[in-house]
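A structural walkthrough
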Amino acid sequence: MEMSILSYKFMQEALLAGLLAGVACSLIGVFVVTMHLSFIGVSLSHAAFAGALFATWLGFEPLLGAILFSLAGAAAIGPLADRGEFNLDTPIGIIFSITMGLAFLFMGLLPGPKTQALELLWGSILTVTTTDLWLLAVVTIIVTGLVVMFFKEIQAVIFHREMARAVGIPADAIFYSILFLTGATVTASLRSIGGLLIFNLILNPAAAAYQLTYSLKRMFFLAALFGVLSCWAGLGVSYILDVPSGAAIVLTSAVIFVLATIFSPKRKVKQWQENE
């Protein structure tokens, strides 16, 4: 990337947004991968998208609607699973179906061209606002801070939620906090990455990190590194090839995952065990 392009304010803001979104999404992604919640990113991204469209239809700031809907979706998933005694995939699928239907409904109700809806769907990290950056910064600080301060408790909940509850760890509070933080992270990244692509940035870097280490602490670090690398390298690819930035970021994260899988020590261990 030419140094001249880095002198532009919009590119500096895009790089900062990539740093923040890459860290926040990837740290949340570790929870998603280790707790087998892969579908939650899809569900809450559609909830945020539906909320943004709802706010746009009513003439309000789209981010307000995105926050409301994504947090409401996150708040519904936990109780639905616990009280209904469902596997988590069931309430996540229910929320996904409801929010997808609402998104199409609100898109149909929007008058005139659907330009703003498409911008929310695909995202554009090159047009992030100061409000977007502040929101991303706050969410990233909260997610990172909670991971650092409550690492042992989080590790116990990831390993076995029921056992963690039995030894006095507030497992339910931690689990619901993870759901809420997932919703907040999706909302904060909606405008920069896009509702259709955000769950890929949550999943891919964390899944790549999962392939390379057995240590949860290293997994958090590698996931954040891969997330930022995906955003910054994707921006470079977007600039050089003149392609949409959100798509370039997501495809870059997919390439990192493929490379991590190819060179995964876990894959080699599994092959060795199969040959025994």
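Conventions used here
- Throughout this description, residue numbers start from 1 for each chain and increase along the sequence as written.
- Local features in this predicted model are restricted to residues of pLDDT 70 or higher, and side-chain atom pairs are both shown and tallied only at a pLDDT of 80 or more, whereas totals for entire chains, interfaces and linings draw on every residue.
- Side-chain calculation: all heavy atoms of the structure are included, whereas hydrogens and water are not.
- By definition, no residue in a patch forms a salt bridge, and every one has over 30% relative accessible area; like charges are joined within 9 Å, nonpolar side chains (Val, Leu, Ile, Met, Phe, Trp, Tyr) within 5 Å.
- Per-residue and other accessible areas follow the Shrake-Rupley method at a 1.4 Å probe size, with only the shown protein chains counted as cover for residues.
- For this document, the term salt bridge refers to a Lys or Arg side-chain nitrogen within 4 Å of an Asp or Glu carboxyl oxygen.
- Secondary structure elements follow DSSP: runs of H or I of four or more residues count as helices, runs of E of two or more count as strands, with numbering from the N terminus.
- Per-residue accessibility, obtained with a 1.4 Å probe over protein chains only, is compared with the maximum for each type, and a residue is labelled buried under 20%, exposed over 50%, and partly exposed between these values.
- Arc definition: it is the arc formed by the directions from the helix axis to the C-beta atoms.
- For this analysis, residues touch if any pair of their heavy atoms sits within 4.5 Å.
- Disulfides are defined in this document as cysteine sulfur pairs within 2.5 Å.
- As used in this record, nonpolar core signifies buried Ala, Val, Leu, Ile, Met, Phe, Trp, Tyr and Cys residues forming a set joined through side-chain atoms within 4.5 Å.

Description of a nonpolar patch on the surface
A cluster of nonpolar side chains, namely Trp57, Leu58, Phe60, Leu105 and Leu109, defines an oily patch on the protein surface of about 480 Å² accessible area. Elements represented by at least two residues in the nonpolar patch include exactly helix H2 (40-58) and helix H4 (89-109). With respect to the helices and strands, Leu109 occurs in helix H4. Overall, the relative accessible area of 38% leaves Leu109 in the partly exposed class.

Some remarks on helix H7 (residues 151-159)
Three or more residues of H7 are buried, namely Phe151, Ile154, Val157 and Ile158. Along the axis of H7, the buried residues cluster in a sector spanning 125°; they form a single face. Exposed residues pointing more than 90 degrees away from the buried face of H7 are listed as Lys152 and Phe159. Considering only its buried residues, H7 is in contact with helix H1 (9-34), helix H6 (130-149), helix H8 (161-166), helix H9 (171-193) and helix H11 (216-241).

Quick word on the pattern of salt bridges
A complete count under the given rule lists 2 salt bridges for this structure. Of the charged contacts in the structure, one is a salt bridge between Asp172 and Arg165, with a shortest N-O distance of 2.6 Å. Judged by relative accessible area, Arg165 falls into the partly exposed class, the value being 32%.

Here we look at the state of the cysteines
Applying the stated criterion to the full structure yields 0 disulfides. Cysteine Cys25 shares no disulfide, and the gap to the nearest cysteine sulfur, in Cys231, comes to 7.2 Å. By relative accessible area, Cys231 is classed as buried at 0%.

A few points about the environment of Ala247
Following the sequence through the fold, Ala247 ends up in helix H12 (residues 245-262). Classification of Ala247 as partly exposed rests on a relative accessible area of 28%. Separated by 12 residues in sequence, Ala247 and Leu235 place their C-alpha atoms 9.8 Å apart.

A few points about the nonpolar core
Ranked by internal contacts, the top residues of the largest apolar core, which has 79 residues, are Phe31, Met35, Ile40 and Phe220. Top contributing element to this core by residue count: H1, with 13 residues. Among all residues touching Phe31, those that are not within four sequence positions of it are His36, Val147, Ile154, Ile158, Ile178 and Phe220.

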